[in-house]
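As a plain string of letters, each chain reads:
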Amino acid sequence: MNTFLRPWPTAVLLLVLPALPVAAQNELDALRYSQVQSTGTSRTQAMGGAASSLGADLGAFVLNPANLGAFRRSEFSVSPGLLLTNSASTVAGYKEATEVDRAVLNFGNLGFVLAARRADDDVSSDWRSGNLGINFSRLNTFSANRTYQATLAPDDTTSVPYWLRSQFFSGNGLNPADNQSPNATTRFNYLTALTNRANALDDNFVAQTASDFDDLAYQTYLLNFATVSPTNNQLTGRVYNASRTGAVTQREITEIRGAQNQIDIGYGASYKDKLYLGASLGITTLRYKQTRTLKETTADPTSDLQTITMTDGYEVNGGGLNVRIGAVYKPLDALRLGLSVQTPTWYGQLKEQGQAMRLSTTFSQGDIRAASASTAANAYQYAVTTPFRATAGVTLIGGKVGLVTADADYVNYGSASLSTANDDPGDFTTANNAIRDSYRSVLNYRVGGELRLAQIFRLRAGYAFYASPYTNTDTKGERTVISGGAGIRRENFYLELGLARTEFEQPYSPYSLGSRPGPVVNTKYTLWNPTVTMGFVIQ
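All residue numbers refer to positions counted from 1 along the written sequence of the respective chain. Only residues with pLDDT of at least 70 are given local features in this predicted model, and only at 80 or more are side-chain atom pairs given and counted; all residues enter the totals for whole chains, interfaces and linings. The side-chain quantities take in all heavy atoms of the structure and omit both hydrogens and water.

**As for the side chain of Thr 533**
Logical step 1: Secondary structure is summarised from DSSP: a helix means a run of H or I of at least four residues, a strand means a run of E of at least two, and numbering begins at the N terminus for each. Examined against the element boundaries, Thr 533 turns out to sit in strand S20 (residues 521–538).
Logical step 2: Definition of a polar contact: a pair of N or O atoms within 3.5 Å, with one able to donate and the other able to accept a hydrogen when the atoms are protein atoms, and with sequence-neighbouring residues admitted only if both atoms are side-chain atoms. Within the structure, the side chain of Thr 533 is placed 2.8 Å from the backbone nitrogen of Ser 42, a separation counted as a polar contact.
Logical step 3: A polar atom in the side chain of Thr 533 sits 2.5 Å from the side chain of Ser 79.
Logical step 4: If we skip the residues at most four places from it in the chain, Thr 533 touches Thr 41, Ser 42, Ser 77, Val 78, Ser 79, Tyr 494, Leu 495 and Glu 496. By definition in these notes, contact holds between two residues if any of their heavy atoms fall within 4.5 Å.

**Re the packing of aromatic side chains**
Each pair of aromatic rings is reported with the distance of its centres and the angle of its planes.
Logical step 1: Two rings belonging to Phe, Tyr or Trp (six-membered ring only in the last case) form a pair when the distance between their centres is within 6.5 Å. Interplanar angles under 30 degrees mark stacking, angles over 60 mark edge-to-face geometry, and anything in between is tilted. This model, assessed by the stated rule, comprises 13 aromatic pairs.
Logical step 2: Their ring planes at 80° and their centres at 5.3 Å tell us that Phe 142 and Tyr 288 sit as a pair that is edge-to-face. On the criterion of sequence distance, the pair formed by Phe 142 in the loop between strand S3 (127–141) and strand S4 (144–152) and Tyr 288 in strand S6 (residues 275–298) is long-range, its members being 146 residues apart.
Logical step 3: Buried means the residue's accessible area, taken with a 1.4 Å probe over protein chains only, is under 20% of the maximum for its type, while exposed means over 50%, and partly exposed covers the values in between. The class of Phe 142 is buried, set by a relative accessible area of 9%.
Logical step 4: Take Tyr 288: its relative accessible area is 3%, and that puts it in the buried class.

**Quick look at empty space enclosed by the protein**
Logical step 1: A cavity, in this analysis, means grid points on a 1 Å lattice covering only the protein atoms where a 1.4 Å probe fits yet has no way out; a pocket is instead an open set bounded by protein on both sides within 12 Å along at least five of seven lines, and a residue lines either one if it has an atom within 4 Å of a point. Grid points are joined across faces, edges and corners, and a volume is the space filled by probe spheres set on the points. Evaluated as defined, the whole model comprises four cavities of 30 Å³ or more.
Logical step 2: Taken as a whole, the largest cavity encloses approximately 480 Å³ of empty space.
Logical step 3: Lining the largest cavity are 33 residues, with Val 36, Gln 37, Leu 139, Arg 324 and Arg 389 positioned closest to its centre.
Logical step 4: Secondary structure elements with two or more residues in the lining of the largest cavity: helix H1 (27–34), helix H3 (58–63), strand S5 (248–271), strand S7 (305–332), strand S13 (389–397), strand S14 (402–412) and strand S16 (441–453).
Logical step 5: Among the elements that take part in the lining of the largest cavity, H3 stands out by supplying three residues, more than any other.
Logical step 6: All amino acids are sorted into three groups, where Ala, Val, Leu, Ile, Met, Phe, Trp, Tyr, Cys and Pro are nonpolar, Asp, Glu, Lys and Arg are charged, and the leftover types, Gly among them, are polar. Looking at side-chain class alone, the lining of the largest cavity contains 11 nonpolar, 17 polar and five charged residues.
Logical step 7: Lining of the second largest cavity is provided by Val 36, Gln 37, Ser 38, Gln 45, Leu 83, Tyr 466, Arg 479, Val 481, Ala 500, Thr 502, Leu 527 and Asn 529.
Logical step 8: For the lining of the second largest cavity, the class distribution of residues is six nonpolar, five polar and one charged.

**Examining the confidence of the model for the chain**
Logical step 1: The predictor attaches a confidence to each residue, called pLDDT, with possible values from 0 through 100. Taken as a whole, the chain shows an average pLDDT of 84; of its residues, 87% reach a score of 70 or greater.
Logical step 2: Segment residues 1–23: pLDDT under 50, and 100 contacts once partners within four positions in sequence are set aside and those in other chains are kept.
Logical step 3: In the model, residues 233–239 has pLDDT below 50 throughout and makes 26 contacts with residues more than four positions away in sequence or in other chains.

**Focus on the nonpolar core**
Logical step 1: Residues belong to one nonpolar core when they are buried, are Ala, Val, Leu, Ile, Met, Phe, Trp, Tyr or Cys, and are joined through side-chain atoms within 4.5 Å. In terms of nonpolar packing, the biggest core is built from 25 residues, with Tyr 33, Leu 350, Tyr 382 and Leu 418 touching the most fellow members.
Logical step 2: Contributions of two or more residues to this core are made by H1, S6, S7, strand S9 (346–354), strand S12 (378–385) and helix H7 (429–438).
Logical step 3: In this structure, Tyr 218, Leu 222, Leu 305 and Leu 359 belong to the second largest nonpolar core, which totals 16 residues.

**Describing the layout of surface pockets**
Logical step 1: Taken as a whole, the second largest pocket spans an internal volume of roughly 1100 Å³.
Logical step 2: What lines the second largest pocket is a set of 30 residues, and nearest its centre among them are Ala 56, Arg 72, Arg 452, Arg 458 and Arg 489.
Logical step 3: For the lining of the second largest pocket, the per-class residue count stands at 11 nonpolar, four polar and 15 charged.

Listed below in structure tokens is the structure:
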């Protein structure tokens, strides 16, 4: 075959492809905003987040607004804390392992309940109380630094040379096999299309504009063509024969910042102190920011191509709404049964601001020692709808000894969806099909207990298991939480301490290689979340 793209000695470039022309709006975003962390007061977090039938606790209000009806007095609490994140990344087939730590302030809850309760001797109505609650809680803390590193051979077959060639041809509707066709018309049409594409890239190079991935690669001397054409065997286009020798270190650093918060405004009532009913409106805010830098460095100082560096990033901001209704039934003083359902959260207008993507190269010899190119920054708006949720809970109370409580959540992650916002163009058919194909419905479980000591002291422990959302059973995605804590409760004041340890693994592929998967990076996350709750009971 006398028409080809020269192999590029790097394993970085595919990473930029998903960011053009926009950086997100895919099934990963739908999952990210649909999964939530354990939240609430230190008490509920120490018991694994199992609180949907617990009763008078602001952390229980978040899971089931019917718990508001159990409050007998007004109450205020605040739960500041920390989130300590450790990420350990390994690349399949390579020995290197990289760990990164990150610490950030975190709020579990900030809220109050205004209680309006009839006197115990007031029998004018079976409705004993009607309480209003407002609570802020942190659903997700997007705070993690992820780094992976691998040592590649210059001609590593899992890197970009194979990918870039196949992506260029497929992305431009070209089939290299057509150049070997016995049909002269087929060969001519193929070479004509290839020549036209090369001329377009050269025109953009002269104008110093870059609109897509091919432009970035061409303007940094990583993409060029052999000298062929359909007429005179001379194809327009620059030829730069950069070579690379010696081992290559590939390293990517990803920084993620932001949070998903919710303000719940709810009302709960008590009927004969046996049945509690409640409803709440959830107002959710969202901020997610990601920046990535991927760099390949050649160890051999005599190698022509020395470094390739790519940076990109984007930030998403917006808000959403949901409604939750619930009930708690107390058939016995020692038994509480809870049930709540939450509508999908609708993020009607998420604003995404994509950073300008930049690709840079350096060389050790020749007239060209450095080159760089950037795309323009972009902005986009879209909508996300997260799944419906249903939660059932049971609490067994052992008098003055303590209690045991358990929850189960039903969530169908495959029912999330993306759509357009306002008049912004967009077709999310492919992304929504990927959501349905990639994710499934699951049951999540939480269990916790509280032991009462010496009237005012409490000891607590809990465990939670969040099932993997992936339909592919080989993909790890389950999360486990082990928690514990202690507290002091007085008549008008309480002080609670909680510590939750969350662990999960997350697969990540920075790029794919045509029809084959690219390097698979597996990151194991360990999150430590210490919190302290200070609460005040108002007579």
